[in-house]
Amino acid sequence: MLLAAAVLAVMQVGTSCGAETIRIAAQKTGTLAWELAVIRSHGLDKKANLSIDIVELASPEAGKIALRAGTADVMVSDWPWVSRERSLGAKLQFYPYSSALGAVMVPAPSPIKTLADLRGRKLAVAGGAIDKNWLLLQASLKQDGIDLKSQSTIVYGAPPLLAAKALGGEMDAVLNYWNFCAALEAKGFRRLAGMEDVLKKLGTKGRIAMIGYVFDEAWASAHRDMVARFIAMTSAAKEMLATSDAEWDVIAPLTGAPDAATLHAYRDRYREGIPRRTVAEEEADARVLYRVLAQIGGRELVGTAAELDPGTFYQANPGD
């Protein structure tokens, strides 16, 4: 964070008359929109001598299309997809954005106390049969001889739909993305297990950023200074969201939180997910998890590569 502040300070002093444009693909209601709102409200883009052009998306898939088509410079996605694309010839790169992870949620009075208690229960899984959280949860429980896929009733669906069904009492438990889990917490649900705990059992050393900023390798190589300013700018915005509750009151309409309890749950889980480790540490854990995903998800998820592509993670600075 100190490095980000220093970079921004230098850029503010040395600002040229024409700011460089960076095109960011973002969903209007996604968490990246929260960050961008803070950037603009505090003029962090101007301090970094950047002009932010937001390419609004209807879905994450639209962002992938925009990036491939060259109509966007940066989007947010996950490193397994980046590594898969690299194995197919698209040289993309990844820089950590958030380590906020999903969780298995149950109603507060539920008799389910451990993950092993999910056997024989009705479990809702957001994202489908090859969702990364689901695959990693299965891999972790198989170490204990538990096969949730065959020993439980699994219901796949869209995250908001499954959250609603969980609230309606139609599911015994739900594995969902972090923001939907935060909303369930605000409604009285409890976290049976966070994915960060599941991943440690699979061999990770800390909270790993599964999603990050994604951009073309050649573009990043040609614009290293601009990428450095972009990373410093977004880090400064994260620090504001990490330390100021007032910032959350300002961006509250963007979050869609229906009440203060939900907004506070979003705030707390977002803050937990701000990456605090070096890129080298993130990459080391990603290599561990990639092998697990390759084994359990197969080609449908990771393509033909058995190992994480060595160029997947972007090194912004030496020793990062």
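Structure: see above.
Conventions used here
Residues numbered from 1 in each chain as written. Predicted model: local features only at pLDDT ≥ 70, side-chain atom pairs only at ≥ 80, totals over all residues. Heavy atoms only, no water. Phe/Tyr/Trp six-rings, centres within 6.5 Å; stacked < 30°, edge-to-face > 60°. Helix = DSSP H or I, 4+ residues; strand = E, 2+ residues; numbered from the N terminus. Buried < 20%, exposed > 50% of the residue type's maximum accessible area, 1.4 Å probe, protein only. 1 Å grid on protein atoms, 1.4 Å probe; cavity = no way out; pocket = protein on both sides within 12 Å on 5 of 7 lines; lining within 4 Å. Points joined across faces, edges and corners; volume = space filled by probe spheres on them. Nonpolar A, V, L, I, M, F, W, Y, C, P; charged D, E, K, R; others polar. Core = buried A, V, L, I, M, F, W, Y, C linked by side-chain atoms within 4.5 Å. Contact = heavy atoms within 4.5 Å.

(A) Main features of the packing of aromatic side chains. Evaluated as defined, the whole model comprises 11 aromatic pairs. Ring centres of Trp34 and Trp248 lie 5.7 Å apart, and the angle between their planes is 75 degrees; this geometry places the pair in the edge-to-face category. Of this pair, Trp34 sits in helix H2 (residues 31-41) while Trp248 sits in helix H13 (residues 245-255), placing them 214 residues apart in sequence. Like Trp248, Trp34 is buried. For the pair Tyr213 and Phe230, a centre-to-centre distance of 5.1 Å together with 80 degrees between the ring planes defines the contact as edge-to-face. One end of the pair, Tyr213, is in strand S10 (residues 211-216); the other, Phe230, is in helix H12 (residues 224-243), and 17 residues separate them in sequence. Phe230 carries the same exposure label as Tyr213, and that label is buried.

(B) Representation of the layout of surface pockets. Roughly 1,600 Å³ of internal volume is contained in the largest pocket. Per-class residue counts for the lining of the largest pocket are 30 nonpolar, 13 polar and 7 charged.

(C) The arrangement of the nonpolar core in detail. By size, the foremost hydrophobic cluster in this structure holds 90 residues, and its most contacted members are Trp79, Leu115, Leu137, Phe215 and Phe230. Looking at this core, the element that brings in the most residues is H12, giving 9 residues. Once residues within four sequence positions are removed from consideration, Leu115 is found in contact with Val104, Leu137, Leu141, Leu192, Ala193 and Val198. Membership of the second largest hydrophobic core comes to 11 residues, among which are Ala124, Ala166, Cys181 and Leu184.

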